[in-house]
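Here's the letter readout for the chains.
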Amino acid sequence: MMLIKTFDIIYSAKDKILSTLYEAPPLEVLEKLQEIWVRYKPQMISDPGCIGSIDSGYNWVELRGYYLYILNAGYIDTCSNKYEYAEIDIRDLTDDPKDFLDIRSIRSEFEVLKETIDLSNKLILVDGSLIKKIYSINKFLREKPDIELSRQLRDIVDTLSNKDLSKIIFIAKNSGSQDLVRSIIGSFYNKPDIHLLEEYTSEIGFAKHSTFNIEFLGVEFKISMAYIRLEAKKPILRIEYLKESSDMDYLRKILDILYSMSHNGYPIILSLIDKLVRVSDEDIMKIFNLLDIADLRNKIKLR
């Protein structure tokens, strides 16, 4: 049930919401969007090779002064390989559960990547933005230095630095980034890249962007970014990869592979790993009951 006041302000907020979402950009912006969007008809590949996917999920339940959490991370691929990682622990509420678990989930994904990178001979798809993950960890370590976390991540970075990183593709379904738009028209028009490309292009294709130099644990990484669409009139995806952005053949090859194994514009293998690692409220209550600590049942607090 909502407050009566909420209904009162709906109509006053409606105009702003609709104009934000649907107000047509200036003609100059529309022209630039059409210029940068590369129409491309991907080639269907009957046997794209061994394609892997990585994702994580978590949930928690609050007790009196504590929270019990479950974190899952995993890898599956089209060659029937599988790798699982899980954590169950209890912590006090001196730290925010979501902030802590966001970092733990990123660390677990990197750990799974380290353990499975040799299983795929083609691509490994990782859910989410690599740039955002690195920024989140860098910010966390600046605010709360953690020697053990830094050591674990450094070990992962050292291991991965000797591998073929060009086969790792990070795929984000959403992003508020305005880097692409600002690079072509300046800062006078502020709208998220994904929103503009989704609203004002419709064909399969891509829009590439430049390479970012980002430091992580003292190591500088070159991360390229592009926006892609795998099916006409379907959502835009943001992809990031550890390779120079000027390699257009590489980008077309990525589209060929993803197009060949997608449904409704999204890679099926990523949808499958998402379902495997997701932790629902029902899941966490099952685990809680398996602990069989009757004394705690009256202290549980559902969010």
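For the structure, check the block above.
Described below are features of the structure shown in this document. The structure presented is a predicted model; accordingly, all values stated were derived computationally and were not measured.

## Description of the overall build of the protein chain
Consideration 1: Within the protein chain one finds 10 helices and 11 strands.
Consideration 2: Relative to its length of 303 residues, the protein chain is compact, with a C-alpha radius of gyration of 22 Å against a globular reference of 19 Å.
Consideration 3: Dimensions of the protein chain, computed from C-alpha atoms along their principal axes, come out at roughly 65 × 60 × 40 Å.
Consideration 4: Expressed as a percentage of its 303 residues, the buried residues of the protein chain come to 47%.
Consideration 5: Where the 42 positive side-chain charges of the protein chain centre and where its 48 negative ones centre are 2 Å apart.

## Brief notes about the layout of surface pockets
Consideration 1: There is about 890 Å³ of room inside the largest pocket.
Consideration 2: What lines the largest pocket is a set of 32 residues, and nearest its centre among them are D102, I106, K132, K133 and S136.
Consideration 3: Looking at the lining of the largest pocket, the elements with two or more residues in it are strand 2 (51-62), helix 3 (97-116), helix 4 (130-143) and strand 9 (237-241).
Consideration 4: Per-element accounting of the lining of the largest pocket gives the leading share, eight residues, to helix 4.
Consideration 5: Of the residues that constitute the lining of the largest pocket, the class distribution is eight nonpolar, nine polar and 15 charged.
Consideration 6: When its volume is computed, the second largest pocket comes out at roughly 170 Å³.

## Digging into the packing of helix 3 against helix 4
Consideration 1: One way to put it is that helix 3 packs onto helix 4 with a least axis distance of 10 Å and a crossing angle of 125 degrees. With respect to helix 4, the axis of helix 3 lies oblique. Here helix 3 and helix 4 pass one another in a crossing that is left-handed. Judged by residue contacts, I103, I106, E109 and F110 of helix 3 engage L130, K133, S136, I137 and F140 from helix 4.
Consideration 2: The class makeup of the residues in the contact of helix 3 with helix 4 is six nonpolar, one polar and two charged.

## Structural notes on empty space enclosed by the protein
Rolled over the atoms, a probe as big as a water molecule pinpoints where empty space is left.
Consideration 1: Scanning the model with the defined rule gives one cavity of 30 Å³ or more in all.
Consideration 2: One number sums up the size of the largest cavity: a volume of about 180 Å³.
Consideration 3: Elements supplying a minimum of two residues to the lining of the largest cavity: helix 3, helix 4, helix 5 (147-160), strand 6 (168-172) and strand 8 (219-229).
Consideration 4: For the lining of the largest cavity, the element with the highest residue contribution is helix 5, accounting for three residues.
Consideration 5: Of the residues in the lining of the largest cavity, the class split is 14 nonpolar, no polar and no charged.

## Describing a nonpolar patch on the surface
Consideration 1: Together, I17, L18, L21 and Y22 line one region of the surface with nonpolar side chains, adding up to about 380 Å² of accessible area.
Consideration 2: The class for L18 is partly exposed, based on a relative accessible area of 38%.

Reading the values: rules and limits
What you see as residue numbers is a count from 1 along each chain, following the sequence as written. Local features are withheld for residues below a pLDDT of 70 in this predicted model, meaning they are given only at 70 or higher, and side-chain atom pairs are given and counted only at 80 or more; totals for whole chains, interfaces and linings count all residues. Only hydrogens and water are removed before side-chain values are computed, so all heavy atoms of the structure are retained for them. Counting from the N terminus, the helices are DSSP H or I runs at least four residues long and the strands are E runs at least two residues long. Values of the radius of gyration come from C-alpha atoms, whereas the globule rule sets the reference at 2.2 Å times the count of residues to the power 0.38. Relative accessibility thresholds used throughout: buried, under 20% of the residue-type maximum; exposed, over 50%; partly exposed, between the two (1.4 Å probe, protein chains only). Under the counting rule used here, the positive set is Lys and Arg, the negative set is Asp and Glu, and His together with the chain ends is not counted. We put the charge of a Lys on NZ, of an Arg on CZ, of an Asp on CG and of a Glu on CD. Using a grid of 1 Å spacing that covers the protein atoms alone, one calls a set of points a cavity when a 1.4 Å probe fits there but cannot get out, and a pocket when the set is open and has protein on both sides within 12 Å along at least five of seven lines; lining residues are those with an atom within 4 Å of a point. Grid points are joined across faces, edges and corners, and a volume is the space filled by probe spheres set on the points. Here the term charged refers only to Asp, Glu, Lys and Arg, the term nonpolar to Ala, Val, Leu, Ile, Met, Phe, Trp, Tyr, Cys and Pro, and the term polar to all other amino acids, Gly among them. As a rule, the C-alpha atoms of each element are fitted with a line to give its axis, helices using only the stretch in contact, and angles between N-to-C directions run from 0 to 180 degrees. Angles are sorted into four bins: roughly parallel if under 35 degrees, roughly antiparallel if over 145, roughly perpendicular if 65 to 115, and oblique for all others. Here a crossing is called left-handed whenever its near helix is offset anticlockwise from the far helix by less than a right angle, and right-handed whenever the offset is clockwise. What makes two residues a contact is simply this: any of their non-hydrogen atoms within 4.5 Å. Residues enter patches when they are more than 30% accessible in relative terms and free of salt bridges; like-charged ones are connected within 9 Å and nonpolar ones (Val, Leu, Ile, Met, Phe, Trp, Tyr) within 5 Å. Accessible surface is estimated by sampling points in the Shrake-Rupley manner with a 1.4 Å probe; for residues, cover comes only from the protein chains shown. Note on definitions: salt bridges are taken to be side-chain nitrogens of Lys or Arg within 4 Å of carboxyl oxygens of Asp or Glu.

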